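Listed below, chain by chain, are the residues.
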Amino acid sequence: MSPRQPRREFDFSGVPERSRREFLKLMGASIALASGCSRELPERIVPYEDMPEQLAATKSLYFATALSLDGYGSGVLVESAMGRPIKVEGNPNHPASLGATDVFSQAAVLTLWDPDRSQTVLRQGVLSTWDAFRAALTARRSRFASQGGAGLHILTGSVTSPTLAAQLHRLLDKYPEARWHQYQPINRDNVYAGTRLAFGETREPRYDFTRARTVLSLDADFLRSMPGHVRYARDFNGARRPGETPSANNRLYAIESSPTLTGAKADHCRRLRASQIDRVARALAQRLGIAVESPTSVPIEAGWLDACAFDLLTRHGESLILVGERQPAHVHALAHLANERLGNVGTTVQYTNPVLAEPIDQLDSLRQLSAAMAAGEVQELLILGVNPLYATPADLEFARHLQRVPFSVHLGLYRDETAMRSLWHIPAAHELEAWSDTRAYDGSATIQQPLIAPLYGGRSPHEVLAVLAGEFEQDGHAIVRALWQGELGGDDFEHTWKTSLHNGVVPDSAFTAEQVTARLPALPPLRDADSSELEIVFSPDPHVHDGVYTNNAWLRELPKPLTELTWDNAVLMSPESGRRRGLANEDVVEIEYRGRRVRAPVWLLPGHPDESLTLQFGYGRTAGGRIAPGAGFNAYALQTSAAPSFDGGARVHPLGTRYPLASAQMHNRMEGRDLARMLPLSAVIQRTAQGAQPSKHERKLLYPPFASPTYAWGMSINLDACVGCKACTIACQAENNIPVVGKDQVQRGREMHWIRVDRYFEGSDAHPRVHFQPVPCMHCERAPCEVVCPVEASVHDSEGLNVQVYNRCVGTRFCSNNCPYKVRRFNFLQYSQDVPSLNAQRNPDVTVRMRGVMEKCSYCLQRIAAAKIASEKEGRRIRDGEVVTACQAACPTEAIVFGDLNDPASRVRIAKTSPLDYVLLEELNTLPRTSYLPAVENPHPDLQET
């Protein structure tokens, strides 16, 4: 491995001489970095693959690093084109990603290049400098140093970084009266408290879905939001084997308080109010032989519970019960005890040391900080990477108490609510700009290496803490390297360091399983099951999370998986609860709870529990960029520290007004059409045994079919594997320079996504089955769009691709009108604005389209071309798997397969020979190159009608 020095944009040392034209071209493409590369990077970063030095400036390099969510890291490979990070892929070497990603990782490059990021040091809102801040912090150090750190408080989010944790512990050792607080809205408080109740010590549960044949999820959305969810989604779907015997397939039971992707994929799902899940957990525990008092009433059918318990008991060592972070600690403890009784510990669930460096009760830590500020005990407060003035329970009144702190410092990516009220605000370096480290859900460590110098002079928490502690070394790279030199040590450290950077994982850093013994916890009294209180549930938004991504336009415009809403949040309730109150979608209500009130629009969601409201975080912002403020309502304004997850006692008052919401899909039902298919496992086994059957639709063609003598590209999408996460949509947007269009244009039906994920409900509003179906361009062999184009902008190539020639298109939109799949997008306005920093993010291999042309999925033609060039140089055909489309690469469950149909051994060819393979709207005779495999349900024989 030959480590390579990252090159500044205008530093051409060691590079062959360029002409003036080439120089200006390169400078124009990278103009946004002129101010951002003001500091040299003397350290070396290590590329993921070797490449001759002379090609580095013209061909993309990939670097392994990690991106974090709620503190937990996930390994990624970041593509760097001419020194510009432009695209994120999953790292196949990393246990948390296995080469896949989620929507947050895909959108990270847009946050990196966001022109709204904080760009200057501010003191009381006035421009200042890093040197001035460093001098001010050094002066304050003399005060708290003389008092052992008394009055010094530090607030962070969840910390898994070994280096950051080591710095904080050194600081506390040096100043024992100082205090370190942790808080972020989505935390592991209940999870860790549950292990302490069950085992008497804090442990991190880790699940193995590859071994689980029966899974019970109690309010746990493990397919989308838990730490390790990308890996869990892969493992869970890998354990489903349609076509084999029922005993070889897993079965998922889900009980949830708000509709989730996990509930949508469950074979049996029941939706209950959050407070009722405790009662169900006790009833199930008794059926599993645990000595708990049986509830007098259970809000779920006895037959459903009996079938679930029977499946769990008959799968000794091959079952799994997991509980979501929203549920209280004793429900988690019951699940741990049940897993032990079922023989699952050591097989489907293991317990390790906590991944968080300091697994404290974060809500209690925040209470202590708030009380200390209120009492005037906090003299210096450093807020590192979190936004407590926005994202904390309203009753703690953090904003009011912060006024009593004489010296407050905020480090953040944006000038957000906390930055506006702090004495000092320091621009933070993005994770792709700074040296750091992080741990994954299993403890695996990744050294995060920057791909670019900080664009706006941002600083990492390591650098700020080094100044605070008065440490001589204040360089982030040196700080991180020193920690790992102590951890890895040995004479071969340099090799291990480079290997860790190259692979994106520190060798042998995953935590090992610990021996545990569960005990029956003391259970609190049950709440009255007959309570008619309207319950309120607080939840992270599927795409802006707790508000950290609210200024990311890609995520704001990405339709939410179940509601299909964009740009706003809404109060979610069941259709029945809405009918009782005379409410319809977009009606504005006032929610009253514990003396506080919030106004918000309503969205009626099939499958939502009755007499319950879901309020999603992340909106109602007042600062944090140009698009963050104003939209939606602030759920934190109703949250209390006494009941941060859910509580009863809410009231809804209709106001008689409406607030327009932008939904990307207005049809919730398939209206009898056979679009997104789902088959019971018994039917799948029967069809597989029978083999392929002739189509019932005759394929009479007026013209002879197109010949594809060299390559015949095609795609197969497995609906059984698709979980509806929409990582494919964001990956396509990042890869193909797809612009955002804004709420108004989405309301007009003008969204630009080249691959959408349709969502359909089937059955009753109370217990619907949910279907997801990704829909890219079908690349029809008999494409209806081609015959109506007057200028031949939509044409067929010799390899079966339906290509779009932009410079021919005159915007008649005849092709869109004639497309039965509605996958063609017309850019009515100049959506791709000329913003230098956003230009730097764009893929140089894909055209940025001007206004007035039709665009659509191209099967990532640029990736096909790159693979073709490489194979032709070597005098061979493209190998199967050598071309991976952006949507395919991002998919956590490998639901999308792409390849050459002329290759009989290719995965896509094998998928299309399945007797279950079908195409959309086959009766139209368009002969799509994109086909589908149906979703498969594996119901319990006694519950098929429920």
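Residues numbered from 1 in each chain as written. Predicted model: local features only at pLDDT ≥ 70, side-chain atom pairs only at ≥ 80, totals over all residues. Heavy atoms only, no water.

Trainee: Hey, could you run me through the overall build of the chain in this one?
Mentor: Along the backbone of the chain there are 28 helices and 37 strands. For the chain, the spread of C-alpha atoms along the principal axes amounts to about 90 × 80 × 65 Å. Expressed as a percentage of its 946 residues, the buried residues of the chain come to 62%. In the chain, the proportion of contacts linking residues at least 24 apart, taken out of those at least 6 apart, comes to 74%. Accessible surface, the chain: about 35500 Å² in total, of which carbon and sulfur atoms supply 50%. The centroid of the 101 positive side-chain charges in the chain is displaced by 4 Å from the centroid of its 107 negative side-chain charges. (Helix = DSSP H or I, 4+ residues; strand = E, 2+ residues; numbered from the N terminus. Buried < 20%, exposed > 50% of the residue type's maximum accessible area, 1.4 Å probe, protein only. Contact = heavy atoms within 4.5 Å. Areas by Shrake-Rupley, 256 points an atom, 1.4 Å probe, with all protein chains shown as cover. Lys, Arg positive; Asp, Glu negative; His and termini not counted. Charge placed at Lys NZ, Arg CZ, Asp CG, Glu CD.)

Trainee: In this structure, what is going on with unusual backbone geometry? I would like to understand it.
Mentor: The phi torsion of most residues other than glycine is negative, and most of the peptide bonds are trans. Of note, the phi angle at Met82 is positive, near 55°, even though the residue is not glycine. Considering the arrangement of structural elements, one finds Met82 in the loop between strand 2 (72-81) and strand 3 (84-90). One non-glycine residue with positive phi stands out, namely Asp219, at about 65°. Among the secondary structure elements, Asp219 is positioned in the loop between strand 9 (214-218) and helix 7 (229-238). A relative accessible area of 8% places Asp219 in the buried class.

Trainee: For this particular structure, what's the right way to read the pattern of salt bridges?
Mentor: Oppositely charged side chains are able to pair whenever their charged atoms sit close together. Counted under the stated rule, the structure contains 51 salt bridges. Note that Arg188 and Glu325 form a salt bridge whose closest N and O atoms lie 3.0 Å from each other. With Arg188 in the loop between strand 7 (179-182) and helix 6 (189-199) and Glu325 in the loop between strand 12 (319-323) and helix 11 (329-341), the pair connects residues that are 137 residues apart, well separated along the chain. For Asp647, the salt bridge goes to Arg594, with nearest N and O atoms at 2.8 Å. With Asp647 in strand 25 (residues 646-658) and Arg594 in the loop between strand 22 (587-593) and strand 23 (596-604), this pair connects stretches of sequence that are 53 residues apart. (Salt bridge = Lys/Arg side-chain N within 4 Å of Asp/Glu carboxyl O.)

Trainee: Help me out: how do you make sense of the packing of aromatic side chains in this one?
Mentor: Any aromatic ring pair is given by two values, namely how distant the centres are and how the planes are angled relative to each other. Throughout the structure, instances matching the rule amount to 23 aromatic pairs. Centroid distance Trp130 to Phe133: 5.5 Å. Interplanar angle 45°. Geometry classified as tilted. Of this pair, Trp130 and Phe133 both sit in helix 4 (residues 130-145), three residues apart, roughly one helical turn. The burial state of Trp130 is the same as that of Phe133; both residues are buried. Over the ring of Tyr390 we find Arg621, and its NZ or CZ is 4.8 Å from the ring centre. (Phe/Tyr/Trp six-rings, centres within 6.5 Å; stacked < 30°, edge-to-face > 60°. Lys NZ or Arg CZ within 6 Å of the ring centre and 35° of its normal.)

Trainee: Can you walk me through the pairing of strand 22 in this structure?
Mentor: Regular strands have side chains that alternate between both faces of the sheet. Counting buried positions over the seven residues of strand 22 gives seven, a clear majority of the element. Residues Asp587, Val589, Ile591 and Tyr593 line one face of strand 22 and the alternating positions Val588, Glu590 and Glu592 line the opposite face, and both faces are buried. Of the strand pairs in this sheet, strand 22 and strand 25 are connected by five bridges, and their pairing is antiparallel. If you follow Glu590 over to strand 25, its bridge partner there is His653. Bridge analysis of strand 22 against strand 23 gives six bridges, and the strand direction is antiparallel. Directly across from Tyr593, in strand 23, lies its bridge partner Arg596. (Pairing = 2+ DSSP bridges.)

Trainee: Explain the environment of Gly263 here, please?
Mentor: Mapping Gly263 onto the fold places it in helix 8 (residues 261-265). Note: C-alpha distance between Gly263 and Asp221 (42 residues apart in sequence) is 7.6 Å. With near-sequence residues (within four places) excluded, Gly263 lies in contact with Ala254, Glu256, Cys269 and Arg271.

Trainee: Is there a simple way to think about the sheet that holds strand 11 (residues 268-271) in this case?
Mentor: What holds strands together in a sheet is hydrogen bonding between their backbones, with the strands either parallel or antiparallel. Across the sheet, four strands lie side by side as 11-10-9-12; this open sheet has parallel pairing. Only two strands of the sheet have a single partner each, and these edge strands are strand 11 and strand 12. Between one strand axis and the next, the sheet turns by 10° as a mean value, whatever way the strands run. With five bridges connecting them, strand 9 and strand 10 (residues 251-256) associate as parallel partners. If you follow Ser217 over to strand 10, its bridge partner there is Ala254. (Axes fitted to C-alpha atoms, helices over the stretch in contact; angles between N-to-C directions.)

Trainee: What is the right way to read the pairing of strand 28 (residues 713-718) from this model?
Mentor: Burial of strand 28 is extensive: five of the six residues sit out of reach of the surface. Bridge count between strand 28 and strand 35 (residues 896-900): five bridges; the pairing is antiparallel. Bridging across to strand 35, Trp713 finds its partner in Asp900. Pairing of strand 28 with strand 36 (residues 930-933), which is carried by four bridges, proceeds in the parallel orientation. Across the sheet, the residue bridging to Ser716 is Ser931, located in strand 36.

Trainee: Hey, could you run me through the packing of helix 9 (residues 277-287) against helix 11 in this one?
Mentor: In helix packing, the relevant descriptors are the interaxial angle and the interaxial distance, both defined with respect to the helix axes. Where helix 9 meets helix 11, the axes come as close as 10 Å, and the angle between the chain directions of the two elements is 20°. One element, helix 9, and the other, helix 11, form an angle in the roughly parallel class. The hand of the helix 9/helix 11 crossing is left-handed. The segment helix 9 lies against helix 11, with Asp278, Ala281, Arg282 and Ala285 engaging His330, Val331 and Leu334. Grouping the constituent residues of the contact of helix 9 with helix 11 by class yields four nonpolar, one polar and two charged. (Parallel < 35°, antiparallel > 145°, perpendicular 65-115°, else oblique. Left-handed = near helix turned anticlockwise from the far one by under 90°. Nonpolar A, V, L, I, M, F, W, Y, C, P; charged D, E, K, R; others polar.)

Trainee: Would you mind going over the confidence of the model for the chain with me for this structure?
Mentor: Regions with low pLDDT carry predicted coordinates that are not meant to be interpreted in detail. Across the chain, the average pLDDT comes to 90, with 92% of residues at or above 70. Across residues 1-40, confidence stays below pLDDT 50; counting only partners more than four residues off in sequence or on other chains, it has 72 contacts. (pLDDT = per-residue confidence, 0-100.)

Trainee: I would appreciate a short explanation of the sheet that holds strand 3 in the present structure.
Mentor: The antiparallel open sheet is built from three strands, whose spatial order is 1-2-3. Looking along the sheet, the strands with just one partner apiece sit at the ends: strand 1 (61-69) and strand 3. On average, each strand axis in the sheet is inclined to that of its neighbour by 40°, with strand direction left out of account. Where strand 1 lies against strand 2, nine bridges are found, and the strand directions are antiparallel.

Trainee: I keep staring at the packing of helix 16 (residues 476-488) against helix 17 (residues 493-503) and nothing clicks. Help me out?
Mentor: Where helix 16 contacts helix 17, the two axes come as close as 11 Å, and the packing angle between them is 120°. Helix 16 and helix 17 meet at a crossing whose hand is right-handed. In this structure, helix 16 uses His477, Val480, Arg481, Trp484, Gln485 and Leu488 to contact helix 17, whose residues at the interface are Phe493, Glu494, Thr496 and Trp497. Counted by class, the contact of helix 16 with helix 17 contains five nonpolar, three polar and two charged residues.

Trainee: I'm lost on the environment of Gly148 in this one. Help?
Mentor: Here Gly148 shows up in the loop between helix 4 and strand 6 (152-156). Spatially, the C-alpha atoms of Gly148 and Ala178 are 7.2 Å apart, while their sequence positions differ by 30 residues. Those residues in contact with Gly148, other than ones at most four positions away along the chain, are Tyr175, Pro176, Glu177 and Ala178.

Trainee: When you look at helix 6 in this model, what are you seeing that I'm missing?
Mentor: At 3.6 residues per turn, the α-helix brings residues three or four places apart onto the same side. Counting buried residues along helix 6, eight of its eleven residues qualify, which places the element largely inside the surrounding structure. Inspection of helix 6 places Asp189, Val191, Tyr192, Ala193, Gly194, Thr195, Ala198 and Phe199 among the buried residues, and these make up the whole buried set. Looking at the buried residues of helix 6, the elements they touch are strand 2, strand 8 (204-207), helix 11, strand 13 (349-352) and helix 12 (362-374). Positive phi shows up at Gly200, right after helix 6, with a value of about 80°.

Trainee: Looking at this model, I keep getting lost on the environment of Phe772. Mind explaining?
Mentor: By secondary structure assignment, the location of Phe772 is in strand 30 (residues 769-775). Residues Phe772 and Gly486 lie 286 residues apart in sequence; the distance between their C-alpha atoms is 49 Å. Each residue touching Phe772, except ones within four places of it in the same chain, is listed here: Leu261, Ala264, Pro561, Leu562, Leu719, Cys722, Val723, Gly724, Val757, Asp758 and Arg759.

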